[in-house]
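One-letter residues, chain by chain:
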Amino acid sequence: MAATKPMRDQVTDYIISLQTSIVEALEKLDPSAAPFKRDSWVRSEGGLGQSCVFAVDPESKDATAHQTILEKAGVNISVVHGQLPPKAIAQMRADHSEIPYDPESGKSLPFFAAGLSLVIHPRNPHAPTVHANYRYFEISEAAEESDATPPQLYSADKAQGKVIAWWFGGGSDLTPSYLYPEDAAHFHDTLKSACDPHHEALYPAFKKWCDEYFYIPHRKETRGIGGIFFDDLSPADHKRLSEEANKTKPKTPEDIFAFVQSCGNSFIQSYVPILEKRHATPWTDTQRRWQLIRRGRYVEFNLVYDRGTKFGLQTPGARIESILMSLPEIARWEYMSDMGTQEDTEEAKLLAVLREPKEWATTAAH
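To start, this report covers the structure provided alongside it. Along every chain, residues carry numbers that run from 1 in the direction the sequence is written. Under the rules for a predicted model, residues below a pLDDT of 70 receive no local features and side-chain atom pairs below 80 are neither given nor counted, while totals for whole chains, interfaces and linings still include all residues. As a convention, hydrogens and water are excluded, and side-chain values are obtained from all of the structure's heavy atoms.

**What about the overall build of the protein chain?**
Working definition: helices are DSSP H or I runs of at least four residues, strands are E runs of at least two. Numbering for both runs from the N terminus. Summing up its helical and strand segments, the protein chain has eleven helices and nine strands in all. Taken over C-alpha atoms, the radius of gyration is set against a globule rule of 2.2 Å times the number of residues to the power 0.38. In terms of overall size, the protein chain behaves like a compact globule, its C-alpha atoms giving a radius of gyration of 21 Å where 366 residues would be expected to give roughly 21 Å. Relative accessibility decides the category of a residue: with a 1.4 Å probe and only protein chains considered, values under 20% of the type maximum give buried, values over 50% give exposed, and everything between is partly exposed. Put simply, the protein chain has 366 residues, and 52% of those count as buried. Only heavy atoms matter for contacts: two residues are in contact if any of them lie within 4.5 Å across the pair. In the protein chain, 75% of the contacts between residues at least 6 apart in sequence involve partners at least 24 apart.

See the structure below:
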C-alpha cells in the first residue's frame with residue numbers, strides 16, 4: 001500500500017489545481033479579454049508561488065480593453081518555508097499551546113505555509129467584488145543539523161523534524177456596491193451547502209466570525225455582506241464552536257482538509273453565476289462613483305486591519321506586488337460625501353446591511 005503523501009504536499013497539489021480551475025473559469029467568462037498573466041516566482045528565503053493577475057493597461061488605445069468584465073483580479077498561490085522567530089512563536093502559542101517556547105533560548109522553529117488567495121474586482125458597479133483564501137500552516141521540530149539538507153520547494157523535506165503544530169484557515173466573502181438580496185442568498189447558500197456535510201455548526205459559527213472579522217471600526221460598518229471566515233482549525237477544541245460541536249467537529253488532518261476542499265471547490269459555483277448575471281447590467285456615472293467610494297472602504301480595511309496583509313508585509317522576503325494584488329485598480333475618497341445618506345436610495349439600502357449584518361442563507365440551499 002502506497003504511503004500517504006505528507007499533508008503539506010497534498011495541500012500544495014490542491015491549491016495548484018484550484019488556482020487553475022478558477023482562472024480558467026474566469027477566462028472562459030470573457031474570452032475576448034486578454035488572458036490572466038501567469039507570473040511564477042521564487043522566494044530566496046525558501047519557497048515559491050505563482051500569481052495569476054488580470055489588469056488592463058491604463059494607457060491602452062484599444063477601446064475593447066476598457067470594456068472587459070473584470071477590471072482587476074488576482075488568483076495567487078504561495079508555498080513557503082523558513083524559520084519562525086521566537087516573537088512569532090510566542091504570539092502563535094495563544095491558540096496553539098503545543099508549540100514549545102523557551103524565551104531564554106532565542107531559538108527559531110521551522111515553518112511551512114501554503115495557500116491560495118484571490119480577489120476579483122469587476123468593472124460593472126452591479127457586479128460584486130469577491131475575496132477567498134484557503135491556507136495551511138505547520139510548525140516542526142528543528143531537524144538535526146547533521147541531517148539537514150536544503151529543503152525542496154514543493155515537497156516535504158526529508159530532514160524535516162516532527163510536525164508539532166498544524167492548522168487550516170480560510171474563507172470567502174462578497175463585497176457588493178449595490179445590494180441584490182438574491183445574489184447574497186445564492187452566495188451564502190452555496191457556502192452553507194459546502195460546510196454542512198462536515199458539521200452543521202460550521203457555517204453559522206464561521207458566518208458570524210466573517211461578519212466580525214471584516215468590520216471597519218472607524219466606519220462602523222462591515223466591508224461587505226460576508227460569507228465565512230475561519231482560522232486555527234486543528235484537532236483541538238475551537239473557541240468559536242460550542243462544547244457539543246467540538247466533540248463531533250472534523251478533527252483529523254484528513255477530515256479538516258476535506259472540509260477546506262469542499263469550501264474551496266464551491267467558489268466557482270458561489271460567484272461566477274452572479275458575475276454572469278450582473279456584468280452587463282446598464283450603469284450610470286453616479287453608480288460608478290459609488291462603486292469607487294466602496295472600493296475606498298475596501299482599501300481601508302485591507303491596509304489598516306487585515307491580518308493577512310500585515311503578516312505578509314512584515315514577512316522577510318515578502319513579494320509585495322502579490323500581497324497588494326488585492327487592492328482595486330481605482331478607488332475614490334470624497335470629503336464628507338453625501339452618497340448613501342438619503343433614505344430609500346439603493347446606496348442607503350447597502351449601508352443598512354453593512355451596519356447591521358443579516359442572515360442570508362435560506363432554509364433550502366440552492
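**A short note on the environment of A34**
Looking at where A34 falls in the secondary structure, it is placed in the loop between helix 1 (7-29) and strand 1 (37-42). The sequence separation of A34 and T68 amounts to 34 residues, and the corresponding C-alpha distance is 8.8 Å.

**Some remarks on the environment of G46**
By secondary structure assignment, the location of G46 is in the loop between strand 1 and strand 2 (47-55). The spacing of G46 and A165 is 119 residues in sequence and 20 Å in space, taken between C-alpha atoms. Ignoring anything within four residues of it in the chain, the contact list for G46 reads V80 and H81.

**A few points about the sheet that holds strand 6 (residues 163-175)**
One open sheet accounts for seven strands, arranged 1-2-3-4-5-6-9; its pairing is antiparallel. Lying at the two open borders of the sheet, with one neighbouring strand each, are strand 1 and strand 9 (226-233). This sheet shows a mean twist of 10° between the axes of neighbouring strands, independent of strand direction. When DSSP locates at least two bridges between a pair of strands, those strands are taken to pair. Pairing geometry for strand 2 and strand 3 (residues 70-84), over nine bridges, is antiparallel. Bridging from a neighbouring strand, Q50 pairs with I77 of strand 3. Every axis corresponds to a line fitted to the C-alpha atoms, with the helix fit spanning only the stretch in contact, and the corresponding angles, defined between N-to-C directions, vary from 0 to 180 degrees.

**Quick notes on the packing of helix 3 (residues 181-195) against helix 4 (residues 202-213)**
The contact between helix 3 and helix 4 brings their axes to 9 Å, and the two run at 130°. If you check the angle between helix 3 and helix 4, you find them oblique. Residues H188, L191, K192 and C195 of helix 3 form the contact with helix 4, whose participating residues are L202, Y203 and K207. Here the term charged refers only to Asp, Glu, Lys and Arg, the term nonpolar to Ala, Val, Leu, Ile, Met, Phe, Trp, Tyr, Cys and Pro, and the term polar to all other amino acids, Gly among them. Taken together, the residues of the contact of helix 3 with helix 4 sort by class into four nonpolar, one polar and two charged. These descriptions rest on fixed angle ranges, namely under 35 degrees for roughly parallel, over 145 for roughly antiparallel, 65 to 115 for roughly perpendicular, and the rest for oblique.

**Notes on unusual backbone geometry**
Even without a glycine there, the phi angle at K220 is positive, about 60°. Its location among the elements puts K220 in the loop between strand 7 (215-216) and strand 8 (221-222). Judged by relative accessible area, K220 falls into the exposed class, the value being 58%. Its identity is not glycine, yet D344 carries a phi of approximately 65°, on the positive side. Structurally, the position occupied by D344 is in the loop between helix 10 (320-323) and helix 11 (346-355). We classify D344 as exposed; its relative accessible area is 72%.

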